[in-house]
Amino acid sequence: MRTVIVGAGPTGLFTAIALARRGHDVAVVDRDMGPQPDGTWDRAGVMQFHHPHAFRAQVVDALAAEAPEVLAALVAAGAELVAMPGPPDAPPRTAGLRCRRLVFERHLRAAATAEPGVTLVRGHADEVLSDRGRAVGVRVDGRRLDADLVLDASGRSGRLGRDRRPPVEGGDCGQAYVSRQYRLRPGAEFAAMTMPLADIAYFPGYAVIAFPHDNGVFSTVIMRSGDDRELVGLRETAAFEAAATAVPLLAAWTAPDRARPITRVLPGGRLYNTYCGQLDAHGAVPLPGLVFVGDTVCTTNPSAGRGVTTSLTQVRHLLALLDDGPDDAETTTRSFDAWCATAIRPWFDDHLRCDAGLAARWAGHDVDHTAPLPPDLIAAAAEVDPSMMRVVGPYLGMDALPSTLDEVEPRAREIYATGWRPSVPDGPSRDELAELVARTAGRAPAAVP
Ligand SMILES: Cc1cc2nc3c(=O)[nH]c(=O)nc-3n(C[C@H](O)[C@H](O)[C@H](O)COP(=O)(O)OP(=O)(O)OC[C@H]3O[C@@H](n4cnc5c(N)ncnc54)[C@H](O)[C@@H]3O)c2cc1C
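Note that this is a predicted model, so its numbers are computed, not measured.

J.: Give me the lowdown on the pattern of salt bridges, citing residues and values where you can.
T.: One pass over the full model with this rule turns up 30 salt bridges. Linking Glu 169 and Arg 345 is a salt bridge whose minimum nitrogen-to-oxygen distance equals 2.8 Å. One end of the pair, Glu 169, is in strand 11 (residues 169-172); the other, Arg 345, is in helix 9 (residues 345-362), and 176 residues separate them in sequence. Accessibility expressed as a relative area gives 36% for Glu 169, which makes it partly exposed. Given a relative accessible area of 21%, Arg 345 falls into the partly exposed group. One connected set of salt bridges, linked through shared partners, spans Asp 32, Arg 43, Arg 101 and Glu 105.

Written out as structure tokens, the structure reads:
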């Protein structure tokens, strides 16, 4: 089968390799120039490319199943597979992969480029072509690329097939990001962590995260409410540095004798929770032979690091549907849409609830334990009653859907009804942070040896 995939991000590249290994003749279209000979890669159309990524166990499993040599190459290049702490008698389980997105995608792209049956086409896909009511290819910079199957993996900012689908649900997640990458000094190690892939600390009004990557590189993030204009100045180097010194979690990672910054402070673009199924407003398959996959279906607040997992999990299910054939294109699309509604959409709904709750708490409201609790608060209550981890652990690892938390939600409410609240870590209050930003933004940053 001739397949055209629009988008050479994680979704498109992974799908291309997997389909080529099933005998498809695959063309992957992307407007991006690809990595430069000196190793740099701007990736202008993918805002998150240089922001930190954590790759969960499901991503590792997907690579192991479809492209094990990519996983081996990543590890050989310095990416680190980390194990999940578990009961002493249980076999260790992979928690995920510590790796920069740049490194992850460079290796995935190299494998796709080397794969017989995959052709990377540089260009802008302008239009999906149709004939007699089904997709027959794509127009790329005015040229026609014929296909029996078109996959739209054009990501969260892709516009290609938007006019054929219902309006996207969701929108801005209400939070904003700034991040910076650092490299450990010779002999130094990553700071101690309480979670395997990223350490996160929530304060009333902001949050910070540290992400270890490959080769001694790590990132720090400061997250604020999207409405909090007084913290916008964190994107300035001097203010970011001052915050990194003032917040203990960040200070432990970025202490000058431990690490030095290797990038400027990177402001994040807008962050979304969005979901969009395959069917049009009338419940019909808009164009049989055209399937949307990856971030074009679901995008979630990056602070939980779920996007590549929800994307590659979709691809694996789509591959299984195509493997099972010989269903017609319309049935395949309907089956995929129905599965996404039950297996992917719940993560979008989960973020809507978590982010609405966080916005309310950051605006000064207390936890309302008389109403259903948002999933993050249910999970946090396991600090008081560790027996809840039997249910909370699989949810946190994305091995069980958010609805599984319903079993322990009443117990969590009991805990909040006692007056208990998640502990606030050491560090400046939001007002103290705002004052620090006002004092330091605009100043020259410290010289780094
Ligand atoms: C700040 C931030 C941090 C994140 N952190 C994490 C994390 O820690 N862990 C995690 O799992 N996920 C994370 N995510 C989510 C993750 O980045 C996405 O889920 C992932 O990029 C989705 O991959 P994709 O291939 O579907 O889309 P993309 O990576 O967006 O790729 C789409 C590609 O399509 C191309 N394209 C678009 N339109 C066209 C066109 N018309 N013609 C030609 N080419 C086109 C683009 O150039 C791009 O290369 C984060 C997201 C953000 C915003």
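After presenting the structure, the write-up continues.
J.: Any chance you could break down the domain arrangement of the protein chain for me, citing the residues and the numbers?
T.: The domain architecture assigned to the protein chain consists of domain 1 (2-170 + 271-347), domain 2 (175-269 + 430-440) and domain 3 (367-420). If you average the C-alpha positions of domain 1 and of domain 3, the two centres end up 32 Å apart. Facing ten residues of domain 1, the contacting portion of domain 3 comprises eight residues. At the junction of domain 1 with domain 3, the criterion picks out one salt bridge. Here Asp 399 makes a salt bridge to Arg 93, at a shortest N to O gap of 3.1 Å. Our count for the domain 1 to domain 3 interface comes out at six residue pairs in polar contact (both at pLDDT 80 or more). The set of elements that each furnish at least two residues to the side of domain 1 that touches domain 3 consists of helix 7 (307-324), helix 8 (329-343) and helix 9. Residues belonging to the side of domain 1 that touches domain 3 are distributed by class as follows: three nonpolar, four polar and three charged.

J.: Can you explain the packing of helix 2 (residues 57-66) against helix 3 (residues 68-76)? Please cite residues and give values.
T.: Running from amino to carboxyl end, helix 2 crosses helix 3 at an angle of 120°, the nearest separation of the two axes being 5 Å. Classified by the angle their axes make, helix 2 and helix 3 are oblique. Packed against helix 2, whose contacting residues are Val 60, Leu 63, Ala 64 and Glu 66, the element helix 3 presents Pro 68, Val 70, Leu 71 and Leu 74 at the interface.

J.: Which residues make up the side chain of Arg 43, and what values do they have?
T.: Within the secondary structure, Arg 43 is located in the loop between strand 2 (25-30) and strand 3 (54-56). When sequence neighbours within four positions are dropped, the list of residues in contact with Arg 43 reads Ala 8, Gly 9, Asp 30, Asp 32, Phe 49 and Glu 105.

J.: Break down the layout of surface pockets for me, citing the residues and quoting the values.
T.: Of the pockets and cavities examined, the second largest pocket occupies roughly 950 Å³. Lining the second largest pocket are 48 residues, with Val 46, Gln 48, Gly 155, Arg 156 and Asp 295 sitting closest to its centre. Elements that contribute at least two residues to the lining of the second largest pocket include exactly helix 1 (10-20), strand 2, strand 7 (125-131) and helix 7. Taken together, the residues of the lining of the second largest pocket sort by class into 18 nonpolar, 20 polar and ten charged.

J.: Outline the sheet that holds strand 5 (residues 93-98), supporting the account with residue identities and numerical values.
T.: Read across the sheet, three strands follow the order 3-5-4 without closing on themselves; strand pairing throughout is antiparallel. Of all strands in the sheet, those bounded by a partner on one side alone are strand 3 and strand 4 (80-84). Taking each pair of neighbouring strands and ignoring which way they run, the sheet shows an average axis angle of 30°. In terms of strand pairing, strand 3 meets strand 5 through three bridges, oriented antiparallel.

What counts, and where the lines are drawn
- Residues numbered from 1 in each chain as written.
- Predicted model: local features only at pLDDT ≥ 70, side-chain atom pairs only at ≥ 80, totals over all residues.
- Heavy atoms only, no water.
- Salt bridge = Lys/Arg side-chain N within 4 Å of Asp/Glu carboxyl O.
- Helix = DSSP H or I, 4+ residues; strand = E, 2+ residues; numbered from the N terminus.
- Buried < 20%, exposed > 50% of the residue type's maximum accessible area, 1.4 Å probe, protein only.
- Domains from an automatic or database assignment.
- Contact = heavy atoms within 4.5 Å.
- Polar contact = N/O pair within 3.5 Å; in protein donor to acceptor, adjacent residues only side chain to side chain.
- Nonpolar A, V, L, I, M, F, W, Y, C, P; charged D, E, K, R; others polar.
- Axes fitted to C-alpha atoms, helices over the stretch in contact; angles between N-to-C directions.
- Parallel < 35°, antiparallel > 145°, perpendicular 65-115°, else oblique.
- 1 Å grid on protein atoms, 1.4 Å probe; cavity = no way out; pocket = protein on both sides within 12 Å on 5 of 7 lines; lining within 4 Å.
- Points joined across faces, edges and corners; volume = space filled by probe spheres on them.
- Pairing = 2+ DSSP bridges.

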